[in-house]
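Examination of the molecular architecture
What follows is the residue order along each chain.
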Amino acid sequence: SSGINAEYGGAGNEELLDVVEQAFFPTLETICDAPHTSPLQEINPSNVAELMLSLLGGRHHEQIAIKMCNEILVMPSSPYGRCLIKVLPHCGIAAAEQANLKLILSLLDQIIQEVDHVSTKRSLTTFSVKVSSFVTPPSPDEDKENNKENNENSIKATPDKLSQSTQGSEKSASKRKALFANPSQPVDLLDTIT
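Before going into details, it helps to say that this report is about the structure given with it. Throughout, residues of each chain are indexed from 1 in the direction in which the sequence is written. Where local features are concerned, this predicted model is filtered to residues with pLDDT of at least 70; where side-chain atom pairs are given and counted, the filter is 80 or more; whole-chain, interface and lining totals use all residues. Values reported for side chains reflect all heavy atoms of the structure, with hydrogen atoms and water molecules removed beforehand.

A fitted line through C-alpha atoms serves as each axis, taken over the contacting stretch for helices, and the angle formed by two N-to-C directions is quoted from 0 to 180°. Numbering of helices and strands runs from the N terminus, with a helix taken as a DSSP run of H or I at least four residues long and a strand as a DSSP run of E at least two residues long. Orientation of helix H2 (residues 14-32) relative to helix H3 (residues 45-56), taken along the N-to-C sense of each, is 175°, at an axis distance of 10 Å. Considering their axes alone, H2 and H3 lie roughly antiparallel with respect to each other. Contacts between H2 and H3 involve Leu-17, Val-20, Glu-21, Ala-23, Phe-24, Thr-27, Leu-28, Ile-31 and Cys-32 from the first element and Pro-45, Val-48, Ala-49, Met-52, Leu-53, Leu-55 and Leu-56 from the second. Among the residues making up the contact of H2 with H3, the classes are represented as 14 nonpolar, 1 polar and 1 charged. Each angle receives one of four descriptions, namely roughly parallel if under 35 degrees, roughly antiparallel if over 145, roughly perpendicular if within 65 to 115, and oblique otherwise. Contacts are assigned to residue pairs that have any heavy atoms within 4.5 Å of one another. By the convention adopted, Pro, Cys, Tyr, Trp, Phe, Met, Ile, Leu, Val and Ala count as nonpolar, Lys, Arg, Asp and Glu as charged, and the other residues, Gly among them, as polar.

Moving on, we come to the environment of Glu-71. Mapped onto the secondary structure, Glu-71 falls in helix H4 (residues 61-74). In sequence terms Glu-71 and Leu-84 are 13 residues apart; their C-alpha atoms lie 8.0 Å from each other.

Within the secondary structure layout, Ser-46 lies in helix H3. Other than its neighbours up to four places away in sequence, Ser-46 contacts Cys-83, Lys-86 and Val-87.

Turning next to the environment of Tyr-80. Checked against the element boundaries, Tyr-80 lands in helix H5 (residues 79-87). C-alpha of Tyr-80 to C-alpha of Leu-28: the two residues are 52 residues apart in sequence and 7.2 Å apart in space. Excluding anything up to four places from it in sequence, Tyr-80 contacts Phe-25, Leu-28, Glu-29, Cys-32, Glu-71 and Met-75.

Given below as structure tokens:
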């Protein structure tokens with residue numbers, strides 16, 4: 001596979017790599033969804049996916065991994081979904097952007113919740129740990145900044161808000177009292193709720 005990558009992975013072959021990336025999902029879906037009588041049933045879709053990933057040589061892997069996760073979430077127990085689950089750990093995402101790594105981790109957590117098969121969960125959890133190892137922990141300064149923002153964004157009870165809340169509760173209480181004090185008078189029920 002490294003020979004294939006060296007031959008096709010050059011800078012002049014970006015168009016070829018784009019074609020491989022665009023063909024990745026339709027090719028796998030066609031193979032996985034082929035009828036039992038089709039000659040495509042003889043093909044192992046995981047092998048095809050691994051070949052296509054090696055052709056890409058690490059390029060585009062993070063985008064493919066994100067799309068794979070989304071495809072798996074749509075149909076985790078279909079043959080196509082199971083194939084993608086097998087192939088997902090083969091994506092080379094060590095050089096991925098931090099935001100994409102965090103997105104992949106979030107999607108993996110959702111997938112792990114969806115799948116029932118124990119060995120599949122184990123494989124996905126192992127991959128999740130691998131992805132986590134590439135996520136750069138925030139520096140102490142970033143941690144302080146995040147904590148400061150969280151504290152500033154927390155809900156603070158100001159005197160204005162408290163008085164508005166109290167006034168609203170008093171109006172609701174007086175409407176409810178009026179309803180029970182004079183049951184023969186028509187009352188708009190929505191007014192008593194607010």
